Structure formats: C-alpha cells, structure tokens
Amino acid sequence: MKNALPLVLRIIVAIILIQTLRFKFTAHPDSVYIFSKVGLEPYGRIVIGIAELIAGVLLLIPKTVWIGATLTLGVIGGAIFMHITKLGIEINDDGGILFITAMLTFILSAIILWIKRKEIKFF
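Notes on the structure follow. (Residues numbered from 1 in each chain as written. Predicted model: local features only at pLDDT ≥ 70, side-chain atom pairs only at ≥ 80, totals over all residues. Heavy atoms only, no water.)

## Quick notes on the side chain of Arg45
- Summarising the element assignment, Arg45 is placed in helix α4 (residues 43–60).
- A relative accessible area of 6% means that Arg45 is categorised as buried.
- Not counting residues within four places of it along the chain, the set of residues in contact with Arg45 comprises Lys24, Phe25, Ala27, Ser31, Val32, Phe35 and Leu40. (Helix = DSSP H or I, 4+ residues; strand = E, 2+ residues; numbered from the N terminus. Buried < 20%, exposed > 50% of the residue type's maximum accessible area, 1.4 Å probe, protein only. Contact = heavy atoms within 4.5 Å.)

Below, the structure written as structure tokens:
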C-alpha cells in the first residue's frame, strides 16, 4: 500500500494533464476561449500544453517525480489563479468542472511532492 498509493496518485495526475492536451493542441473552441480571455492565445495555450506534457511524463518516471509534481503545481497554480481572477469558477456553463479538476490536480501534486520530499537534494 505504501508504494501503491504514490503510484496511483502519479498516474491520476498524469492522466489529467495528458488528456487535456488534445484540447490545447487542436485549438478546441473552449481552450481558445479560455486562453483568449486571459490574453495568452495562441502562444500561451501551446506553451502551457507543452509544460503539461513534460510534467505528465516526468510524473511517470520514478527519478523525476518530484520535478513533475513541482512543475504541475506551478502550471496548475497559474490556472487556479486565472480562474479566481479573470475566468471565474464556471466556464461556458461547465458547472465548475475545470476549476474542480484544477484544484484536485493541485492537491494531488502537493501530496505527491510531500511524499517525495526526501528525494529533493536541496531540501
């Protein structure tokens, strides 16, 4: 159980990050709307997508889990900040699903980072 829980959390966060990439990389109207509203369309959408892809992959590699979790906290922290300041909790009548998913991803990444804290050399 001790080894299974961190792995399950890593897989959940990686799946969340990677499954959203199709919206960013295909310029889905919802994604374009979000990034336009925060003034980051199209380059921000693409850069954030690349950062999420890198974070998702790093979370799946045992030696780089803490780097992936840290990158995820940064990217998703930015998303949460944009929801709170510019976008609002609900986007295009989604019932707040994007915001809730961002919060879940942030919390799970923080838990992963806490579990892996002893692997970070400068702490």
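On we go.
## Observations concerning unusual backbone geometry
- That bond from Glu41 to Pro42 is cis: its omega, 0°, falls within 30 degrees of zero.
- For Pro42, the position within the fold is in the loop between α3 (29–37) and α4.
- A positive phi angle, near 50°, is found at Asn92, a position not held by glycine.
- Looking at the secondary structure, you find Asn92 in the loop between α5 (65–87) and α6 (97–115).
- Its relative accessible area of 41% is what places Asn92 among the partly exposed residues.
- In this structure, Asp93 is a non-glycine residue whose phi angle is positive, near 55°.
- In this structure, Asp93 sits in the loop between α5 and α6.

## Observations regarding the layout of surface pockets
- Empty space within the largest pocket amounts to approximately 770 Å³.
- Lining the largest pocket are 30 residues, with Lys24, Ile34, Phe35, His83 and Leu98 sitting closest to its centre.
- Sorting the residues of the lining of the largest pocket by element identifies α1 (4–19), α2 (21–25), α3, α4, α5 and α6 as the ones contributing at least two each.
- Ranked by residues supplied to the lining of the largest pocket, first place goes to α5 with seven residues.
- Broken down by class, the residue content of the lining of the largest pocket amounts to 17 nonpolar, nine polar and four charged. (1 Å grid on protein atoms, 1.4 Å probe; cavity = no way out; pocket = protein on both sides within 12 Å on 5 of 7 lines; lining within 4 Å. Points joined across faces, edges and corners; volume = space filled by probe spheres on them. Nonpolar A, V, L, I, M, F, W, Y, C, P; charged D, E, K, R; others polar.)

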